[in-house]
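Secondary and tertiary structure notes
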Amino acid sequence: MTIDPAAAPAREAPTGARRPRIFSGIQPSGIVHLGNDLGAIRNYVALQAEYEAIYCIVDYHALTSTHDADQLRTRTREMAAGLLALGLDPDRCTLFVQSHRPEHTELAWLLCTVTPVSWLERTPTYKEKVEQQPHDINHGLLTYPVLQAADIVIYKASLVPVGKDQAAHLELSREIVRSFNRRYGDTFPEPEAVFTEAPTVLGTDGVRKMSKSVGNTIDILGEPDLIRKQVMSMVTDTLRIKRTDPGRPEVCNVCQTHRFFGPDYEEIWDGERTARTGCVDTKKLLADRLVRHYAPARERYLELMAHPADIDEILEAGADRLRPKAAATMDEVRRRMGIR
Ligand code: ADP
C-alpha cells in the first residue's frame, strides 16, 4: 500500500468514529538521515492527522547492536528531538520509548512460543546483521522481528508506515499474527505496511540502501557544511565520464533525489540528459535545496535539545497514555493463553 505524502490528508482529524490505528518504530541511532525521512518519517507526519498514530523509539531493539548505556540514553533523546523537529506533534500522535512500556517484552516472549525458529533464521535482516557484526551475533538479533511484531500488535495497529527494507519483517509479523490467532482464537489484526513514494532511498554510494550501519547517509539535521559534503560525495551516473557526456537521470541517485525537493525536477533531468548541466551543478543545487528545506527543522531540533526535560516529559506522557491499551491487550492475551 502506498500513500503519497504530497497528498497529505486533511489537517483536522475526523471526529466521532474511532480512527484506524497505525504504529511505527524507529531505532535511536542519534542521527536522522534522508532515507528515514523520505522513506518513513514523511508518512509519520502526514498520517498523524488522519489516524490514531503511535510512534515508538525502539531502544530495546537498539540493544542488539549498541552496548553503551550513556550513548543509548543520549541517542534516544536525540531521536525524539529529531522526530519532533521534523513534524511529529505530541497533540496529534503518541510518541514514546519502547522500554517505557515493558509489556512489549512480555508479549514478545509469548509470541516467541508461536514462532518457528526457521522463520527467524531466514529473515534477510538477520543474515545481514550476522555479516555486519560477526563478533556479536546475540540472540536479540534473531528474535528482533518477534519483538517488532509485539510492538505493533500490542496496540492492535492495522497499518505500519515503514521503508521497503522493513517489508520482510512486516510479512513475518503477519505470519506470527496468523499463527497466534490460529492457536488461540482471533486476537490480533494482520498489520499492513504503508510505503511512501520513496520506499527505498539509496545511500551516497548510489548502490546500497541509505543506512547508518553502512555509513552512506545524508544527515538532514546536521550542520549545513556536513550536508553539503555528503551530497557532493554522492555517486551519480557512473557511465557519465566527461562533462559533455549525456546523463541518465533515471539511474542517477542525485537526479532521483531532486524529485522530492522541487517541482522542476524534470527540467533538471533535461539539463542532465542534454549535458547542459554537469553532475557537480546538479549536486550543488540539491545540497542548497536540502540545506534550505531542513533549516527550520534543524533550528527546532537544536531548540528542543537545549530543553531535554521537555523532551522527556513528552516521552513520559506518551508511555503513560498507552498504559491502558497495553494492559488491556496483555489481559486478553494472558487469558487466551492460560496464564491468568
Ligand atoms: P537504519 O536502516 O538507518 O538503521 P532504521 O532501521 O531505524 O534506520 O529505520 C527507521 C525507518 O526508516 C524504517 O521505517 C525504515 O524502513 C526507514 N528507512 C531507513 N532507511 C531507509 C532508506 N534508505 N530508504 C527508505 N526508508 C528507510
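Now for a quick tour of the structure. (Residues numbered from 1 in each chain as written. Predicted model: local features only at pLDDT ≥ 70, side-chain atom pairs only at ≥ 80, totals over all residues. Heavy atoms only, no water.)

1. Describing the environment of Tyr-155
Here is the rule: Strands here are runs of E lasting at least two residues and helices are runs of H or I lasting at least four, both read from the DSSP assignment and numbered beginning at the N terminus. Residue contacts are counted whenever heavy atoms from the two residues lie within 4.5 Å of one another.
Locating Tyr-155 in the fold gives a position in the loop between α7 (139-153) and β4 (159-161). Sequence separation between Tyr-155 and Thr-257 is 102 residues, and the spatial gap between their C-alpha atoms is 34 Å. When sequence neighbours within four positions are dropped, the list of residues in contact with Tyr-155 reads Arg-21, Phe-23, Ile-54, Phe-96, Arg-101, His-104, Leu-322, Lys-325 and Ala-326.

2. Let's talk about the state of the cysteines
Rule in force here: Two cysteine sulfur atoms make up a disulfide if the distance between them is within 2.5 Å. Per-residue accessibility, obtained with a 1.4 Å probe over protein chains only, is compared with the maximum for each type, and a residue is labelled buried under 20%, exposed over 50%, and partly exposed between these values.
Counted according to the given criterion, the structure contains zero disulfides. Cys-56 takes part in no disulfide bond, and the closest cysteine sulfur to it belongs to Cys-93, at a distance of 12 Å. You can call Cys-56 buried: its relative accessible area is 1%. For the unlinked cysteine Cys-255, the closest cysteine sulfur is that of Cys-252, found at 3.8 Å. Using a relative accessible area of 0% as the deciding quantity, one classes Cys-255 as buried.

3. Some remarks on unusual backbone geometry
The phi angle at Lys-156 is positive, at roughly 50°, despite the residue not being glycine. Tracing the sequence through the fold places Lys-156 in the loop between α7 and β4. Of note in this structure, Ala-275 is not a glycine but carries a positive phi near 60°. By the secondary structure assignment, Ala-275 is in the loop between α11 (265-273) and α12 (279-305).

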